[in-house]
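Tertiary structure, described
Letter by letter, the chains look like this.
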Amino acid sequence: MSPSAASTPTLAPEIADPRLYLDGIPHERFAEIRAMPGLAWHPYGDNGFWAVTRHADVRAVSRNPKVFSSAIGHTNLWDLEADALEARRSLIDTDAPDHTRLRRMVAGAFTPKNIRRWEDAVREITVELLDEFLAEGGGDWVEMVAAPLPIRVILSMLGVPVADGGYLVELSNYLVEGTSDTQSLPPDAFGNTTELRLLPFNSPASHALFEYGDEMRSKRRAEPCDDLVTHLVKAEAEGGRISRHEYRHLFHLLVFAGNETTRTAISHGAMALAAHPDQWQRVVDDPDLVEPATEEIIRWATPVLHMRRTAAADCELAGTPIAAGDKVVMWYASANRDEAAYTDPFRFDVGRGDNEHFAFGGGGPHLCLGAFLARLEVSVLLQEMAARRMLLEQRGEPVRVASNFVHGVLSVDMAPGWGP
Amino acid sequence: MSGTELVRVAVDAERCIGGGQCEMLEPEVFLVDDDEAISSVVGSGALPRPRADVVVHRCPGAAVSIVEPQRPSE
Ligand code: HEM
């Protein structure tokens, strides 16, 4: 293991076992690690990682990409063989200058101003889903509202024809499976011939998504439209600033990244509102609270539990020496409940003031590209629920994903009610 | 509060990743270009220091900086 120095590091309690998360985030363990001096070391496989759990330390790692690299190792806990790392590399596993170049290819479409243009489209989809949920008298909130909303929004931004929506939703659901240990597809599904370890999420659905992206690229080359794929194709034509590999992985990331994450935010959001009817009543009574309530829901949900970096050089964090090559893992799930950063972090407060949460990353250059889109989706949902004076009542426990990476909810039964 | 010090902000185009935090926080002062996705300062770029500090703190590319203090306002 890495901590070579004479000093033996403090050992973190177990936080990587996916089964722990079947009962929710192990918050007491994170609180224990936050209180330890310096950084705690967590054994993992035949190596281990530094568990970065405090808000300030997560920020320090995220904002120092020269030292804490996204490109050297994998951005997940486990390592990949060198060829697999290359084959699977996307925006998220790059450092500047590649990162800056690739990010700017798409960033223009995701600015606050340009995301606001999607508000009507998001509202239309939201209203349709909510009305269906109400007409059915409720049901699985994940399947009926939380899952379809983000995928339908991103597909329309990309310019995927409505008729293909179902197919891409299916692919994307297989990819979600790939983030946990269940994999129901045979390796040669969708005509895949690539070794699974070379595909994102080890999933043949990734192959299908690449193929679909290629097809769309050809179509938009022939006939440009006003959509994201056309935008990428144009960038490519104007000087080859994006390689075929980069295009395919960007398309893949755009379809996937906002999907499970926003679904998770909306699922935990509904559960939080059902559990705190007083907080929901505040939002219904005061539309100005939609914005802070959206932030609070996203903090509360923390859909991505951690991201990993790899030390590019010997360095020090929180007084603990780190060796080049060490894994450094930012636990957003912990930073977002850090008592040093929030008053009463375990209180769900839709009026929370300064809420600098790290659900979208710790403030560095990999800050979630889709943050403004996700915020728009959650706030439009809150507005439309408030307009209907809808209440949510949770029936039974949610089914959670056994994952230390995503805070996923597979299903949660909700019944609608009406407020005063 | 009267007498808040005004400062001028600037964007380092090289470091900017088009994250849009500046545009979200201070839409009157920053605008991210649609195609290049690089932020720039529109107008004088003057902000009260505490608000400028927030933008500097939140910029994911560490691209925003305070260039010079301006004369105190009323
Ligand atoms: C509530 C919903 C969401 C959450 C919690 C979330 C969370 C995150 C996190 C934690 C990161 C990594 C940050 C880091 O490594 O520092 C990230 C990156 C990313 N997200 Fe999101 N995300 C959400 C929604 C979306 C949506 C709707 C999109 C749609 C396009 C999206 C696209 C991306 C992309 C492309 C990246 C990679 C950015 C980069 O490496 O520069 N996300 N997101």
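The notes below deal with the structure included here.

The next thing to look at is the overall build of chain A. What chain A contains, in helices and strands, is 16 helices and ten strands. In terms of C-alpha radius of gyration, chain A reaches 21 Å, essentially the compact-globule figure of 22 Å for 420 residues. Classification of the 420 residues of chain A by burial places 59% in the buried group. Pairs at least 24 apart in sequence give 71% of the contacts found in chain A among residues at least 6 apart. Accessible surface, chain A as shown: approximately 16800 Å² in total, 53% of it carbon and sulfur. Averaging the positions of the 40 positive and the 60 negative side-chain charges in chain A gives two centres separated by 5 Å.

Quick look at the overall build of chain B now. From N to C terminus, chain B includes two helices and five strands. When the elements of chain B are put in sequence order from the N terminus, they spell out β-α-β-β-β-α-β. When each of the 74 residues of chain B is scored for burial, the buried share is 36%. Taking all contacts inside chain B whose residues are at least 6 apart in sequence as the whole, residues at least 24 apart take part in 63%. Looking at chain B as shown, the accessible area adds up to about 3900 Å², and 50% of this sits on carbon and sulfur atoms.

This part takes up the interface of chain A and chain B. Taken together, the contact between chain A and chain B spans 24 residues of the former and 25 residues of the latter. Where chain A abuts chain B, roughly 1800 Å² becomes buried across the two surfaces, and 48% of that area is made up of carbon and sulfur atoms. Among the secondary structure elements, those contributing two or more residues to the side of chain A that touches chain B are α4 (98-107), α5 (112-116) and α16 (371-387) of chain A. Of all the elements, α4(A) adds the most residues to the side of chain A that touches chain B, at five residues. Class assignment of the residues belonging to the side of chain A that touches chain B gives a composition of five nonpolar, nine polar and ten charged.

A few words now on the sheet that holds strand β8 (residues 327-331) of chain A. Residues and elements named next belong to chain A. One open sheet accounts for five strands, arranged β1-β2-β8-β5-β3; its pairing is mixed. Of all strands in the sheet, those with a lone pairing partner are β1 (40-44) and β3 (68-69), marking the two edges. Summarising the sheet, β3 and strand β5 (residues 306-311) pair through two bridges and their orientation is antiparallel. Its bridge partner being in β5, F68 is matched across the sheet by A311. Where helix α2 (residues 55-62) meets the sheet, it contacts β2 (47-52), β3, β5 and β8, and its direction lies at approximately 130 degrees from that of β8.

In a beta sheet, neighbouring strands pair by backbone hydrogen bonds and run either parallel or antiparallel. Residues and elements named next belong to chain A. Overall, antiparallel pairing links the three strands, which are arranged β4-β10-β9 in an open sheet. Here the strands that pair on one side only, and so sit at the sheet edges, are β4 (139-140) and β9 (390-400). Across eight bridges, β9 lies against strand β10 (residues 409-418) in antiparallel orientation. The residue of β10 that forms the bridge with M390 is W418. In the packing of helix α12 (residues 244-275) onto the sheet, contacts are made with β9 and β10, and the angle to β9 comes to roughly 120 degrees.

Time to look at α16(A). Residue and element names in this part refer to chain A. Here α16 contains 17 residues, and its C-alpha end-to-end distance of 24 Å stays within 8% of the 24 Å for a straight helix at 1.5 Å per residue. Burial analysis of α16 places 15 of its 17 residues in the buried class, the great majority of the element. At the exit of α16 stands R389, carrying a positive phi of roughly 50 degrees.

Residue and element names in this part refer to chain A. One pass over the full model with this rule turns up twelve aromatic pairs over all chains. Summarising the aromatic geometry, the rings of Y167 and F190 are spaced 6.2 Å apart at their centres and angled 75 degrees between planes, so their arrangement reads as edge-to-face. Residue Y167 is located in helix α9 (residues 165-178), and its partner F190 is located in the loop between α9 and α10 (204-222); the two are separated by 23 residues in the primary sequence. Residue class for F190 comes out partly exposed when judged on its relative accessible area of 31%. When the ring of Y174 is compared with that of F190, the centres are 6.2 Å apart and the planes differ by 70 degrees; the resulting orientation is edge-to-face. Placement of Y174 in helix α9 and of F190 in the loop between α9 and α10 is noted, with a sequence separation of 16 residues between them.

Let us now look at the coordination of the iron atom of the ligand. On the protein, C368(A) (SG) is the one donor atom to the iron atom of the ligand, at 2.3 Å. As for its placement among the helices and strands, C368(A) is situated in the loop between α15 (332-335) and α16.

Take the nonpolar core next. Residues and elements named next belong to chain A. If you look at the biggest cluster of nonpolar residues, it comprises 90 residues, and the most contacted ones within it are F110, W141, L158, F251, M385, L392 and M414. Per element, the largest residue contribution to this core is 14 residues, and it comes from α12. Every residue in contact with M385, bar those within four places of it in the chain, is listed here: L130, W141, L273, W280, M390 and L392. One finds W41, Y332, F358 and F405 within the second-largest nonpolar core, a separate group that totals 21 residues.

Let's shift gears to the side chain of S203(A). Residues and elements named next belong to chain A. Mapped onto the secondary structure, S203 falls in the loop between α9 and α10. In terms of polar contacts, S203 uses its side chain to reach the backbone amide nitrogen of A205, at 3.0 Å. Ignoring any residue separated from it by four or fewer positions in sequence, one finds S203 in contact with Y174, L175, Q183, L185 and L196.

Next up on the list: the site of the ligand. Residues and elements named next belong to chain A. Taken together, 27 residues lie near the ligand, and H99, R103, R309, H366 and C368 sit nearest. Between an oxygen atom of the ligand and a side-chain N or O atom of H99, the distance comes to 2.7 Å. With respect to the ligand, the side chain of H366 contributes an N or O atom lying 2.7 Å from an oxygen atom. Here the shell around the ligand takes seven residues from α12, the largest share from any one element. A class-by-class count of the residues in the shell around the ligand yields 18 nonpolar, seven polar and two charged.

About the thresholds
Residues numbered from 1 in each chain as written. Chains lettered and ligands numbered in written order. Predicted model: local features only at pLDDT ≥ 70, side-chain atom pairs only at ≥ 80, totals over all residues. Heavy atoms only, no water. Helix = DSSP H or I, 4+ residues; strand = E, 2+ residues; numbered from the N terminus. Rg over C-alpha atoms; globule rule 2.2 N^0.38 Å. Buried < 20%, exposed > 50% of the residue type's maximum accessible area, 1.4 Å probe, protein only. Contact = heavy atoms within 4.5 Å. Areas by Shrake-Rupley, 256 points an atom, 1.4 Å probe, with all protein chains shown as cover. Lys, Arg positive; Asp, Glu negative; His and termini not counted. Charge placed at Lys NZ, Arg CZ, Asp CG, Glu CD. Buried area = accessible area lost by both parts, 1.4 Å probe. Nonpolar A, V, L, I, M, F, W, Y, C, P; charged D, E, K, R; others polar. Pairing = 2+ DSSP bridges. Axes fitted to C-alpha atoms, helices over the stretch in contact; angles between N-to-C directions. Expected span 1.5 Å × (residues − 1). Phe/Tyr/Trp six-rings, centres within 6.5 Å; stacked < 30°, edge-to-face > 60°. Donors = N, O, S within 2.8 Å, 3.2 Å for Na, K, Ca; no water. Core = buried A, V, L, I, M, F, W, Y, C linked by side-chain atoms within 4.5 Å. Polar contact = N/O pair within 3.5 Å; in protein donor to acceptor, adjacent residues only side chain to side chain. Near = heavy atom within 4 Å.

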